Amino acid sequence: MASTTSSGSASGGGSALVFFVNGAKVVFDNVDPELTLLQVLRGKLKLAGTKLGCGEGGCGACTVMISHYSFGEKRIRHHAINACLVPVCSVHGCAVTTVEGIGSTKTRLHPVQERIAKSHGSQCGFCTPGIVMSMYTLLRNNPHPSRAEMESAFEGNLCRCTGYRPILEGFKSLTKDFCCSGPGAGGQCCMSVKDKDGVEVATALYDVSKFTPYDPTQEPIFPPQLMDGEWRRKHALAVAKGPRTVWYRPSSMDQLLELKSKHPKAKIVVGNSEIGVEMKFKNLVCPVLVSVVDVEELHAISSTETGLKVGAAATLTDVGHAMEKLVKDLAKYKSRVLVAFLDMLRWFAGQQIRNVASIGGNVMTASPISDLNPLLIAARSSLTFASHSGGQRTVPFSMDMFTGYRKMAVKEDEILLSVSIPFTRENEFFFGYKQSRRREDDIAIVNAGMRVLLSGERDGGNRVVEDCSLVFGGMAATTVSAPATQKLLVGREWSPDILSAASQSLLNDLPLTSSAPGGMIVYRRSLTIGFFFKFYLAINNAIGTIAPEDVCALHRTERALTKSSQVYQEVPPDQSPDDVVGRPMTHLSAEHQATGEAVYIDDMPALKDELFMGLVTSSVAHANIKRVDASPALAMDGVTHFVSVSDVPGSKKLGIAVNDEDLFADGQVHCVGQVIGVVLAETQQLAGQAALAVHVDYEELPAIITIEQAIEAKSFLGEPRTVRKGDCEAAFASSDFVKEGEMRCGGQEHFYLETQASLAVPGEEDEMTLYSSSQNPKLSQIMAAMALDVPYNRVVCRVKRMGGGFGGKESRACMLSAAACVAARVANRPVRFMLDRDEDMVVTGQRHPYLARYKVGFNKDGKFTGLDIKLYNNAGMSLDMSAAVMSKAVMNIDHCYRWPSLYVSGTVCRTNTPSNTAFRGFGAPQATVCLESIVQDVAMCCGLPPEEVREKNLYLTGDVTFYNQTLDADNTLRCWKEVIERSNFPALKADAEQFNKANRWKKRGVSLMPTKYSISFAPAAFLNQAAALVLVYLDGSVLLTHGGTEMGQGLHTKMVQVCGRVLGVPTSRVFISETSTNTVPNGSATAASMSSDLNGQAVKLACEQLVERLQPYKTKNPNGTWNDWVKSAYFDRVSLSATGFYKSPLVPLSGMDHPEFLYFCYGAACSVVEVDTLTGDTQVLRTDIVMDVGTSLNPAIDIGQIEGAFIQGLGMYTLEESVYTPKGVLLSRGPGTYKIPGFADIPQEFNVALLRSAPNDKAIYSSKAVGEPPLLLATNVFLAIKTAITAARADAGVTGAFRLDSPATVERIRMACVDHVTKQVPTVDTSEPYWTIRP
């Protein structure tokens, strides 16, 4: 931007809002205070690089840099912030920098953008601009950061595709401790080596030496106008008025107090991290908002001899800096309280939130899970309030300040002025504790502040407790203390006897019923005792000594800097430089994604007369619809239509295998989130508000939510899928051991960063052009045509790219886009939608939850004899792809092992939850974790190492599966042996055993696991087909189209590589614009890891036709160029376009209803984990993977897919848990409550090697599929956790197999680690209703 922008609005009068964006001055004469910075950047300024990922500051996709001049400090300050939460009024007088402002493909890439692109750190690219801006802000504040500072910069950013490793690897070159040793012997790269067989392998995926060095002197200057104090005083934004909200920005304390006196219910705004979320997700309307950014007293931080005084508006970042300085200067005993605060701040949200959130906001929000309030109360802090009428008053911060859930005992006209935190005294000790689902950027399950004042040292006796505070969050509707326990401790000697007394007293002080909000009752109560035990050990360590095996309980496992390696086979030395097949070519869109220039559906420019669609969804799980009243919505200015089932001109029911799902609810709803109708409005914000205004009356009916309820009610979809081999009962009768059991595997939210989005544009003659974020353009076309009652040829579906898919946009996107097409037809205007994150999670379904009930026979040598296993999945309200998902689970239940006898049945359960759907791996990940857990238990029963049992039962080449397919399984054993060697598995296992002997409260687990994954569209064999269209133009450029879609997996990049090789042209001459149904019809969904295989062969066949046509001209003019041959062919009237069609060979499978799988992918992994047995907190210390991808088409993309799939699997098996109420309401509906892995959750050491010399003759250029198979290897982390738990149980005298369901959350891990703490906590009263259930 380079010019001043001025914009008015219909919001009435007010002061002008002035700020700078990317160096250009922006002026709004009138601005609606409810608008966020993101809405203004994207909607008014048309800067679409900054993305909307969640709307609650939890994903970092909207990260921008805010710069302001601090007149007090006389310096420019830069902060990364979440634009989705920051009110645009709050950036008055600031400079905003977005991803577009730092670099462009049209000018030059900024070094940050260059590195993330060329280091292969951008796949779908939707998260990329936010990550770029986090790194950019770090460099603006510190041009030479350490690697630790760099890794910490991304605490508030999420990525669902890459597995994070390439991002960290690329940015490492911008840190001060980066070292590249350069060329090795013989002038070759030091990263190129030969393996033991002499095959050239490489470990460098890009050339660091070619990166542009970072030069901080070349950054844009801060606008001088904003450093002019006189200008700032003249142009202070005193007030801004919108339709529903007035924004005040007082410049003095007197003005603030006067405003609060006049508007006692006004909300005070600092970072808006709490109010912003409530306004968006709880529909809170704030008539008056008061920003205190210019009230200097509220930002002041000062210290005295006795303590630290913090202005209520001081940001947590500033508080942290002040505390760090004091810790260095103060006597050690005085700073104990500050050290505890700093440790807590480290785990408080992400940097973007800490940069704007204030200490006063934390206090006044009065959240029962506030991280800071337990510490402040335990530290004996005091609060100073001020009002216009009453002056100032200072009160102790205690539990008496809380009058109820999120309510404080504060007068309406008062504001919090400051918080005073006393330093700790001599012999006073202070510690804080927190446990959450995920380490970084997560709310607490339980937290605590603990303080004790002991008497001085006593000759021959223990010290005595003179005073103490035990304060907890997450144990009631408010922050609470343990008064009886505190009273019990005072006056007692600090001795081991104190532990048992305090533990029982804590249970009495902190009761929880089974229906308590938050669930996890037994776990939360055990945490309170576990925290006190840690506190007890910490005090003992401070005043004396503790047993060496107890030292591990004192601190969390510190994450080491990320370390990694990538190994792949080099291309032959005689391969042409123009032939990039087999080389680590950068993703075609990476640079555009890094600069924000890549266009996603919601980035497309607005069309004339465009309307926005808001969903009206069911709030109950099962009911008859008595009445739908849309009149309140239609009465709103700017709302044009309400569209429901009566408006559908064609089929009212749609589906995949069967049309069993209502496009709009027809008389009855079958789940919470089912679409009843849609509202059309002039703006997206208005469409959302109008949808909420539609009133629906229900007559509720009984609902089935869980698999167990469905089994009891016999609520099934179709007949069970069964396969039998041998006689299991006879096998059990002859087995040394027979074990029966049950296991559950939870579902998983797709959490693609770009939510479901489409744009439907009506045309003449019943035409409809549909721009959609869809993996399945064909199905999107079909469903839209069916709903519109038009031939398929009237609907064109176009897909440029998706911001992630993972199966979640294979069918569910098609239902929503069909609704948009109906709405566009009704209104005869373009209709656009992009779901909010919470809406997407509620409406679109997820990975299927599974229940396995099994009986397994085996001998004492660990050899399997038989398996009888019954699988059940939760399909939700309709069939969708649930039967196919179950078929995949059934056919993968053997995993890598020979079973002499096997019977498997798979039953699809119908429930009143949103229809579950495809997800990376289909049903194989659920089958794998259940089967491998059985294997683990078999090993435990036999007293054998699990890896020995696995190896004894591995399939070998020539073995026949239970479904009668003969295997070529050499690569299983090759991967298995190579991962043992690369990881040095025997040494890792020995180290873990030694660690476990030396440490009582932390345990390590090491696991080694193979995988086998079948590749094919099965049982729908007709889907194993693809087509491509290749057009050659007179300038020699090539336009390639194929049936696959790009969602970040690099499919287009691989297809360009194939095209370039066949045509013999550089890839720079080949371009893919989009996927569309009017260029390649009837394309199969981009799914099943088949897209490169199928589309690659189609592209190859099309290109070979063109090569054949051009051959006479090459022969005639051998010294000519590609352009010469193309022109010659054209003038000779030879067609320069070709269609390629490929169908994979189908081989009948004896006794089965589908053909053989085309081939299998193999791999193996070794993982090491460390578990805190008192909390369940887990770190993955190391993972080594060896993966068979045949001859890789693109090692960088394939390794990226392996890492991304593995981390997604790690999330599935350890972190991600969907939480429902017994009435079927999804509670985990955003990044605040649903946790995918973050940067700090990946293995600290992450090594990936592609199996060398492993060509596959059944796929394009000897390659293999890679998208899904590696996800199964994350089961290995689950098994390592189970191994660590086994070691903890052994220390407590508990041996034998035990049940551990997936995901292995902190709750399940901790409760499985039986010890003196868990034995004290009573079980939950099952007669009372639970707060949550598992579907």
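Bear in mind the structure is a predicted one, so any value in this text is a computation, not a measurement. (Residues numbered from 1 in each chain as written. Predicted model: local features only at pLDDT ≥ 70, side-chain atom pairs only at ≥ 80, totals over all residues. Heavy atoms only, no water.)

Draft legend 1. Structural view of the overall build of the protein chain. In terms of helices and strands, the protein chain carries 36 helices and 50 strands. With the C-alpha coordinates aligned to their principal axes, the bounding extent of the protein chain is approximately 95 × 80 × 75 Å. Within the protein chain, buried positions represent 64% of all 1335 residues. Counting contacts in the protein chain only where the partners sit at least 6 residues apart, residues at least 24 apart contribute 77% of the total. (Helix = DSSP H or I, 4+ residues; strand = E, 2+ residues; numbered from the N terminus. Buried < 20%, exposed > 50% of the residue type's maximum accessible area, 1.4 Å probe, protein only. Contact = heavy atoms within 4.5 Å.)

Draft legend 2. Structural view of the state of the cysteines. Under the definition given, this model contains zero disulfides. Not engaged in a disulfide, the cysteine Cys 89 finds its nearest cysteine sulfur in Cys 94; these two sulfurs lie 12 Å apart. Judged by its relative accessible area of 0%, Cys 89 falls in the buried class. Unpaired in terms of disulfides, Cys 797 finds its nearest cysteine sulfur in Cys 814, a separation of 7.5 Å. (Disulfide = S-S within 2.5 Å.)

Draft legend 3. Expanded view of the pairing of strand β50 (residues 1245-1250). A large share of β50 lies buried, amounting to six of its six residues. The alternating pattern of β50 places Glu 1245, Asn 1247 and Ala 1249 on one face and Phe 1246, Val 1248 and Leu 1250 on the opposite face, and all of these are buried. In this structure, strand β24 (residues 563-569) lies alongside β50, joined through five bridges in parallel fashion. Its bridge partner lying in β50, Ser 564 is registered against Phe 1246. (Pairing = 2+ DSSP bridges.)

Draft legend 4. Local environment of the sheet that holds strand β32 (residues 695-700). Read from one edge of the open sheet, three strands run β30-β26-β32, paired in antiparallel fashion. The open sheet is flanked by β30 (668-669) and β32, the only strands paired with a single partner. Direction of pairing for strand β26 (residues 623-629) relative to β32: antiparallel, over a ladder of six bridges. Note that in β32 the partner of Asn 624 across the bridge is Glu 699.

Draft legend 5. Quick look at empty space enclosed by the protein. Considering all chains together, one arrives at 17 cavities of 30 Å³ or more under this definition. If you trace the largest cavity, you find 17 residues lining it, with Arg 437, Thr 1178, Thr 1214, Leu 1215 and Asp 1241 closest to the centre. For the lining of the largest cavity, the secondary-structure elements that each account for two or more residues are β49 (1178-1187), α33 (1195-1215), α35 (1275-1291) and α36 (1306-1312). Within the lining of the largest cavity, the residues separate by chemical class into eight nonpolar, four polar and five charged. (1 Å grid on protein atoms, 1.4 Å probe; cavity = no way out; pocket = protein on both sides within 12 Å on 5 of 7 lines; lining within 4 Å. Points joined across faces, edges and corners; volume = space filled by probe spheres on them. Nonpolar A, V, L, I, M, F, W, Y, C, P; charged D, E, K, R; others polar.)

Draft legend 6. Structural view of the pattern of salt bridges. The full count for this structure, using the stated rule, is 71 salt bridges. In this structure, the salt-bridge partner of Arg 160 is Glu 1216, at a minimum N-O distance of 2.7 Å. With Arg 160 in the loop between α4 (147-152) and α5 (165-171) and Glu 1216 in the loop between α33 and β50, this residue pair connects regions lying 1056 residues apart in the sequence. Given the relative accessible area of 5%, Arg 160 is considered buried. Looking at Glu 1216, the relative accessible area reads 0%, which means it is buried. (Salt bridge = Lys/Arg side-chain N within 4 Å of Asp/Glu carboxyl O.)

Draft legend 7. Expanded view of the pairing of strand β44 (residues 1038-1042). The buried fraction of β44 is high, at four of five residues. Note: strand β43 (residues 1025-1032) against β44, five bridges, orientation antiparallel. Residue pairing for β44: Val 1032 is matched across the bridge by Val 1038. Where β43 hands over to β44, the hairpin turn is made up of five residues, of which Gly 1036 adopts a positive phi near 90°.

Draft legend 8. Local environment of the sheet that holds strand β23 (residues 480-481). Strand order in the open sheet made by the four strands is β20-β21-β22-β23, with antiparallel pairing throughout. The two strands at the open ends of the sheet, each matched to only one other strand, are β20 (428-436) and β23. For strand β22 (residues 465-473) and β23, the ladder comprises two bridges, and the chain directions are antiparallel. Bridge pairing in β23 links Phe 472 to Val 480. Against the sheet, helix α10 (residues 336-346) touches β20 and β21 (444-454), its axis set at about 10° to β20. (Axes fitted to C-alpha atoms, helices over the stretch in contact; angles between N-to-C directions.)

Draft legend 9. Region of interest: the packing of helix α26 (residues 924-942) against helix α27 (residues 946-953). With their axes 8 Å apart at the nearest point, α26 and α27 run at an angle of 115° to one another. In terms of orientation, α26 and α27 fall into the roughly perpendicular class. The two elements α26 and α27 cross, and the hand of that crossing is right-handed. Of α27, the residues touching α26 (which contributes Glu 932, Val 935, Gln 936, Val 938 and Ala 939) are Pro 946, Val 949 and Arg 950. Across the contact of α26 with α27, the residue classes break down as five nonpolar, one polar and two charged. (Parallel < 35°, antiparallel > 145°, perpendicular 65-115°, else oblique. Left-handed = near helix turned anticlockwise from the far one by under 90°.)

Draft legend 10. Expanded view of the environment of Ser 1092. Positionally, Ser 1092 belongs in helix α31 (residues 1091-1116). Spatially, the C-alpha atoms of Ser 1092 and Ala 1259 are 8.5 Å apart, while their sequence positions differ by 167 residues. Not counting the four nearest positions on each side in its chain, Ser 1092 is found in contact with Leu 1051, Lys 1054, Met 1055, Gln 1097 and Ile 1260.

Draft legend 11. Up close: the side chain of Arg 801. Its place among the elements puts Arg 801 in the loop between β37 (795-799) and α23 (812-827). Nearest to the buried, unbridged Arg 801 among oppositely charged side chains is Asp 603, at 7.0 Å. At 3.2 Å, the side chain of Arg 801 and the side chain of Ser 589 are in polar contact. Here the side chain of Arg 801 touches Val 599 through a polar contact of 3.0 Å, landing on its backbone oxygen. (Lys, Arg positive; Asp, Glu negative; His and termini not counted. Polar contact = N/O pair within 3.5 Å; in protein donor to acceptor, adjacent residues only side chain to side chain.)

Draft legend 12. Region of interest: the side chain of Ser 1089. Note on placement: Ser 1089 falls in the loop between β46 (1075-1076) and α31. For Ser 1089, a relative accessible area of 15% translates into the label buried. Only 2.7 Å separates the side chain of Ser 1089 from the side chain of Glu 1268, close enough to count as a polar contact. Residues contacting Ser 1089, with those up to four places away along its chain left out, are Ile 1015, Ala 1265, Gly 1267, Glu 1268 and Pro 1269.

Draft legend 13. The arrangement of the packing of helix α15 (residues 497-509) against helix α16 (residues 521-543) in detail. For the pair α15 and α16, interaxial distance at closest approach is 10 Å and the crossing angle is 150°. Looking at the two axes, α15 sits roughly antiparallel to α16. Where α15 crosses over α16, the two elements pack in a sense that is right-handed. Residues Ile 498, Leu 499, Ala 502, Ser 503, Leu 506 and Leu 507 of α15 lie in contact with α16, whose contacting residues are Arg 525, Thr 528, Ile 529, Phe 532, Phe 533 and Tyr 536.

Draft legend 14. Representation of the packing of aromatic side chains. Considering all chains together, one arrives at 25 aromatic pairs under this definition. Taken together, a centroid distance of 6.4 Å and an interplanar angle of 15° make the contact between Phe 341 and Phe 430 stacked. Here Phe 430 lies in strand β20 and Phe 341 lies in helix α10, a separation of 89 residues in the sequence. The residues Phe 341 and Phe 430 share a single accessibility class, namely buried. A centroid spacing of 5.3 Å and a plane angle of 65° characterise the contact between Tyr 1130 and Phe 1131, whose relative ring orientation is edge-to-face. Members of the aromatic cluster, joined through ring pairs, are Phe 431, Trp 494, Phe 532, Phe 535 and Tyr 536. One residue, Lys 1282, lies across the ring of Phe 1298, its end atom 5.3 Å from the ring centre. The lysine or arginine in question, Arg 1289, covers the ring of Phe 1298, its NZ or CZ lying 4.3 Å from the ring centre. (Phe/Tyr/Trp six-rings, centres within 6.5 Å; stacked < 30°, edge-to-face > 60°. Lys NZ or Arg CZ within 6 Å of the ring centre and 35° of its normal.)

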